[in-house]
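If you want the building blocks of each chain, they are given just below.
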Amino acid sequence: MDLTLKAYIQGVSDGTLDPQKVADFYVNKAKQENSKYNAFVRFHDEYVQKNIQTFKDRPLKWAPIGLKDLILTQDYISSCGSKMLENYVSPYSATCFQNLEKSWWLMIGKCNMDEFAMGSSNETSYFGPVINPYGTGRVSGGSSGGSAAAVAADCCIAALWTDTSGSVRQPASLCGIVGMKPTYWMVSRYGVQSMCSSLDQVGVLTKTVEDAELLLRAIAGFDPRDSQSDPSADEFIESVEGRLQSAECKKFKIAMPKEILWKWLDPRIKELFLKRVEELRAQWYDIHEISLPVLSYAIPLYYSLMPAELSTNLARFDGIKFGLQDESLDHDDIASYYQKIRSEWFGDEAKRRILLGAFVLSSANYEWYYLRAQKIRDQLIQDVDKIFEKYDLIIGPTTPSVAWKMGERSADPIQMYMEDFYTAPANICWCPAMTVPMGTIHEQGDDLPAGMHFMAQRWNEDKLFAFGKVVEGLF
Ligand code: GLN
């Protein structure tokens, strides 16, 4: 069926599409294909049936979407890809999900993800790895690999997910679709499991840039229940539609930091990216090489800050406040109870990062790691702000590599961490960013997608939408 949101809405409005048939098609397809991709961890037939009745007379009824397994949905399980929350039924729904329901999108299931959103390959999920629809035995990217694979394989029309340093954009790039992370204060995180609260944001994953705009407008908005939510988000929804046309992108000044062509970048992606840059220049897009030296600190900075915040956020999962309880354990000895619960129910990557976070925040190391990381963050923000005084966008590839074979990097977490090199700066600086497919690279019989990444100043999503349509139209 391969419907976009735009085509679905159009088809339902002019009567050429029957929403019931579309919903049945996607629910059945998602279930059938799940043995191939493992993109969904749960299907919500009961929710679908109940809401098909409720949504019956609404104009935009039942656009079938997937939801990352860390977005809370009242009365349904949200397990964050973890054994720790395997049976956790949430008493309330996330604001972004409530906003979706108001717009009459239909959640058909919860998508697989790396445990507590930690990973770049979707191999750390308690529910098993997700397989990339573009390559046999290849990873989908992470942490939102399930949502990316589901959209890429046309098992749903679009998906909602979160992005702390690239979890929307990196799997979107590896699966050949559009991924977008908005400005930090744009979408409420209320009811979304926190990973690293100063970086987390809800993002959208779609087949086209136009759909990304539609979906973002459905979920964005001020929410007093998220202390970081900003009333400007309401203004954005009112004013963004049609604010910038793609034709105006020829007036943009686009910056390309020379540091992006760094040693971990796959030479084939480098070649493809530079070719695309030349093609854009040939069409009179104004792309300048600049220097942003602090970029090379983005990964060490992220992997110092993130575990600190993450270990604090995951402290609540102790088998008493949250998380699976084990009644057979001796409750008088609270320390050994916590130890047993947390070592058994968390996976290896979660434990590695909790330990790293405790280390970074310890009194002996706090100044050397955590405070220095905060200072470098300030520096990166200042330097990026300076670039945005002169330029409209900063571009680069989205990922240093194309989808690799499963298991290939499991023994080398550092190589896995390098995947966030191009995407993490947008989270660190609270800026919006987007990836759009720029072509494929042939490897061992597979045509593997690669994305072009661009980032704009805070609250400048309209520039991403406009330029995204240009890139989408050219390549
Ligand atoms: N690759 C990132 C990590 O492992 C993904 C984090 C995210 O955006 N949720 O931390």
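What counts, and where the lines are drawn
Along each chain, numbering runs from 1 in the same order as the chain's sequence is written. Under the rules for a predicted model, residues below a pLDDT of 70 receive no local features and side-chain atom pairs below 80 are neither given nor counted, while totals for whole chains, interfaces and linings still include all residues. The side-chain numbers reported here are obtained from all heavy atoms of the structure, hydrogens and water having been left aside. What counts as a helix is a DSSP run of H or I of at least four residues, what counts as a strand is a run of E of at least two, and both are numbered from the N terminus. Burial classes: relative accessible area under 20% of the type maximum marks a residue as buried, over 50% as exposed, and values in between as partly exposed (1.4 Å probe, protein chains only). In what follows, residue pairs with any heavy atoms lying within 4.5 Å of each other are defined as contacts. Whenever two N or O atoms come within 3.5 Å, that pair is a polar contact, provided that in protein one can donate a hydrogen and the other can accept it, and provided that, for residues adjacent in sequence, both atoms are side-chain atoms. Salt bridge, as used here: a side-chain nitrogen of Lys or Arg that lies within 4 Å of a carboxyl oxygen of Asp or Glu. In these notes, residues near a molecule or strand are those with any non-hydrogen atom within 4 Å of it. Each accessible area is a Shrake-Rupley result for a 1.4 Å probe, and residues are judged covered by the shown protein chains and nothing else. Lys, Arg, Asp and Glu make up the charged group, whereas Ala, Val, Leu, Ile, Met, Phe, Trp, Tyr, Cys and Pro make up the nonpolar group; the residues left over, Gly among them, are polar.

Any chance you could break down the overall build of the chain for me, citing the residues and the numbers?
Along the backbone of the chain there are 16 helices and 11 strands. Oriented by its inertia axes, the alpha-carbon framework of the chain measures out at about 70 × 60 × 50 Å. Buried positions account for 61% of the 475 residues belonging to the chain. For the chain, the proportion of contacts with a sequence separation of at least 24, taken over those separated by at least 6, is 74%.

Which residues make up the side chain of N38, and what values go with them?
As for its placement among the helices and strands, N38 is situated in the loop between helix 2 (19-37) and strand 1 (40-43). Looking at N38, its side chain comes within polar contact range of the main-chain oxygen of G128, at 3.4 Å. Residues contacting N38, with those up to four places away along its chain left out, are N112, F127, G128, P129 and V130.

An account of the pattern of salt bridges is needed here, citing residue identities and associated values.
For the structure on display, the rule yields 28 salt bridges. Close ionic contact of D226 with R189 constitutes a salt bridge, the shortest N to O distance being 2.8 Å. Linking D226 in the loop between helix 7 (209-219) and helix 8 (232-239) with R189 in the loop between strand 5 (178-181) and strand 6 (201-206), this pair joins segments that are 37 residues apart in sequence. When sorted by exposure, D226 lands in the same class as R189, which is buried.

Please give an account of the site of the ligand that cites residues and values.
In the neighbourhood of the ligand, 15 residues make up the surrounding shell, with G119, T164, S167, Y302 and R353 lying closest. Here an oxygen atom of the ligand and a backbone polar atom of S165 are 2.8 Å apart. D420 places a polar side-chain atom, nitrogen or oxygen, 2.9 Å from a nitrogen atom of the ligand. Protein burial of the ligand: of its 300 Å² of free accessible surface, 100% is covered by the chains. Partitioning the shell around the ligand into residue classes produces 5 nonpolar, 7 polar and 3 charged.

Would you mind going over the environment of S304 in detail, with residue names and values included?
Along the chain, the position of S304 falls in helix 10 (residues 298-313). With a relative accessible area of 12%, S304 lands in the buried category. Sequence separation of S304 and Q170 is 134 residues, and the distance between their C-alpha atoms is 20 Å. With near-sequence residues (within four places) excluded, S304 lies in contact with V360, Y369 and A373.

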